[in-house]
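Coordinate analysis (summary)
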Amino acid sequence: MTRRDDETGGDMPADGEPADVAQDRFARRILAERAALLAARHDANTAQEAPGRRVLVLDVGGRECCIDLDAVLRVTDPAWSDMPRRPDCPASVRGVYGYQGDLYTVFDLAMLLEEEAQPEPGVMILLRSVSSVPLARIALLAGAARGVMDIPATAPSVLPSGFPTAVLPGGRHVVALDPVRLFSVRYSGV
């Protein structure tokens, strides 16, 4: 409901505000709402298009872990050779494995995660060489390989144990393994 303002010659809303000011305020509100809707659509599309990381999901003593698929060279049966141990060799080193003329140091992943040794590992993962890790060739023993999944490309949260976690599509939290972080402090090998 408006009334005529004789001083300005324009219509005034019932609350005493000139009509052109009220229309301008209304237009700004509508534009702001539409801008917010467009921004929300853009954010939703960006979130859907954001690439996830493909990871190999492993079972390590009942604990689910994942490792970036780009870091994995090969998944194979756990067949390694025992070796004479030096006095400074950590308990997590189980032996060595030869693959295409290269010698890999075989680590028990459970022990690297500060758990008990796995009595019968079911799978061995050969990792690609990483220039920032002084140990050139690494193989990890795990209980089983659960398959390959996509995880969102989000920053993992940190558990009290210090190992980061990631969320799988079903909402399960898994330990996200980074070979550089895993071995940067624990360098040892053959």
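In this convention, every chain numbers its residues from 1, walking through the sequence in written order. Per-residue local features of the predicted model are confined to residues with pLDDT of at least 70, and side-chain atom pairs are confined, for both listing and counting, to 80 or more; whole-chain, interface and lining totals are unaffected and use all residues. Only hydrogens and water are removed before side-chain values are computed, so all heavy atoms of the structure are retained for them.

A closer look at the environment of Val-123
Mapped onto the elements, Val-123 comes out in strand 8 (residues 123-127). We classify Val-123 as buried; its relative accessible area is 7%. Along the chain, Val-123 and Ala-145 lie 22 residues apart, while their C-alpha atoms are 6.7 Å from each other. Residues count as neighbours in contact if any of their non-hydrogen atoms are within 4.5 Å of one another. Ignoring any residue separated from it by four or fewer positions in sequence, one finds Val-123 in contact with Val-75, Thr-76, Pro-78, Leu-140, Leu-141, Ala-142, Gly-143, Ala-144 and Ala-145. Comment: elements are numbered from the N terminus, with helices defined as DSSP H or I runs of at least four residues and strands as E runs of at least two. Accessible area is worked out with a 1.4 Å probe on protein chains only. A residue is then buried under 20% of its type maximum, exposed over 50%, and partly exposed in between.

Points about the packing of aromatic side chains
Working definition: rings of Phe, Tyr and Trp (its six-membered ring) pair if their centres are within 6.5 Å, and the pair is stacked with planes under 30 degrees apart, edge-to-face with planes over 60 apart, and tilted otherwise. A complete count under the given rule lists one aromatic pair for this structure. With a centroid separation of 6.4 Å and 65° between ring planes, the pair formed by Tyr-99 and Tyr-104 is classed as edge-to-face.

Some words on the state of the cysteines
When two cysteine sulfur atoms are found within 2.5 Å, that pair is recorded as a disulfide. Considering all chains together, one arrives at zero disulfides under this definition. No disulfide involves Cys-65; its nearest neighbouring cysteine sulfur is the one of Cys-66, lying 7.7 Å away.

Some details on unusual backbone geometry
The phi dihedral of Gln-100 is positive, around 50°, even though this residue is not glycine. Within the secondary structure, Gln-100 sits in the loop between strand 6 (93-99) and strand 7 (102-108). Judged by relative accessible area, which is 68%, Gln-100 ranks as exposed. Positive phi outside glycine occurs at Glu-114, with the angle close to 65°.

Some words on the pattern of salt bridges
Salt-bridge detection follows one rule: a side-chain nitrogen of Lys or Arg within 4 Å of a carboxyl oxygen of Asp or Glu. Overall, the coordinates contain eight salt bridges when judged by the stated rule. For the salt bridge of Asp-150 with Arg-54, the shortest nitrogen-to-oxygen distance reads 3.3 Å. Within this pair, whereas Asp-150 is found in strand 10 (residues 144-151), its partner Arg-54 is found in strand 3 (residues 53-60), the two being separated by 96 residues in sequence. Relative accessible area serves as the criterion here: at 44%, Arg-54 is assigned to the partly exposed category. In this structure, Glu-115 engages Arg-63 in a salt bridge whose closest nitrogen and oxygen atoms are separated by 3.4 Å. Of this pair, Glu-115 sits in the loop between helix 2 (109-112) and strand 8 while Arg-63 is found in strand 4 (residues 63-68), placing the two residues 52 residues apart along the sequence. Residue classification places Glu-115 among the partly exposed positions, given a relative accessible area of 29%. We classify Arg-63 as partly exposed; its relative accessible area is 24%.

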